[in-house]
Structure formats: C-alpha cells, structure tokens
Amino acid sequence: MEPEPELILEDATSLRDAMRRMVRYASDATDALDARIEDEGLDGRTEAVQLRESLDRVQNLSLEISEELNAYQDRHAH
C-alpha cells in the first residue's frame, strides 16, 4: 500500500518545523550571548545558565525530532 501524499507532506512539514525551532533556539542563545559580550555584561553564571537552558531545549527537541523521524520512516518505508 502506497502512503498518501498528503500524509507524507504533513509529516515532512512537521519535521521541518521542528528543525526550524531547534535552529531558532540555538540562534537565540547565540544572539543573547553576543549581546552580553558586546555590552561587557558578563558574569559567568548567567551565561552558563542561559546556555544550559538553550542546550536542554535543543537536546529535548532533537529527541522529539528523532522519534518523529523514526515514526515517519516506519510509516513511509517502501
């Protein structure tokens, strides 16, 4: 049975959107750190906390994407 094109598109769109969120989280963390560096407002602890939170978000999202991708492959394997 061939997968329905609409379902393939829906699944691919979901994966794409999740990847974009991951990139946005990383970009936001980089921008925040850049601003603190430029302002010379570094205290070490704040940057570490912010980066850890961003990395945690990216890691959690990466796991979600991996699970979605596994399900996508299972549904649309030929």
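Located above this text is the structure these notes cover.
This text gives an overview of the structure that appears in the document. (Residues numbered from 1 in each chain as written. Predicted model: local features only at pLDDT ≥ 70, side-chain atom pairs only at ≥ 80, totals over all residues. Heavy atoms only, no water.)

**Side note on a negative patch on the surface**
Worth spelling out the cut-off: Note on patches: the residues involved have over 30% relative accessible area and no salt bridge, like charges join within 9 Å, and the nonpolar side chains Val, Leu, Ile, Met, Phe, Trp and Tyr join within 5 Å. Residue-level accessible areas treat just the shown protein chains as cover; the underlying method is Shrake-Rupley with a 1.4 Å probe. Should a side-chain nitrogen of Lys or Arg be within 4 Å of a carboxyl oxygen of Asp or Glu, the pair is scored as a salt bridge. Under this rule, positive means Lys or Arg and negative means Asp or Glu; His and the chain ends count for nothing. In this description, the location of a charge corresponds to atom NZ of lysine, CZ of arginine, CG of aspartate or CD of glutamate. Per the convention used, a helix needs a DSSP run of H or I reaching at least four residues, while a strand needs a run of E reaching at least two, with both numbered from the N terminus. The classification of residues rests on relative accessible area computed with a 1.4 Å probe and restricted to protein chains. Under 20% of the type maximum is buried, over 50% is exposed, and intermediate values are partly exposed.
A surface patch of like charges, here negative, comprises Asp28, Asp31, Asp34, Glu38, Asp39 and Glu40. Looking at the element boundaries, Asp28 is found in helix H1 (residues 5-38). For Asp28, a relative accessible area of 44% translates into the label partly exposed.

**A word on the pattern of salt bridges**
This model, assessed by the stated rule, comprises 1 salt bridge. For Asp17, the salt bridge goes to Arg16, with nearest N and O atoms at 3.0 Å. By relative accessible area, which is 40% here, Arg16 ends up partly exposed.

**What to know about the nonpolar core**
The cut-off we apply is this: Residues belong to a common nonpolar core when they are buried Ala, Val, Leu, Ile, Met, Phe, Trp, Tyr or Cys residues joined through side-chain atoms within 4.5 Å. The criterion used for residue contact is that any of the two residues' heavy atoms lie within 4.5 Å.
With 6 residues, the main nonpolar core is built from Leu15, Ala18, Met22, Val58, Leu61 and Ile65. Listed by contribution, the elements that provide at least two residues to this core are H1 and helix H2 (45-76). Apart from the residues within four sequence positions on either side, Val58 is in contact with Met22, Tyr25 and Ala26.

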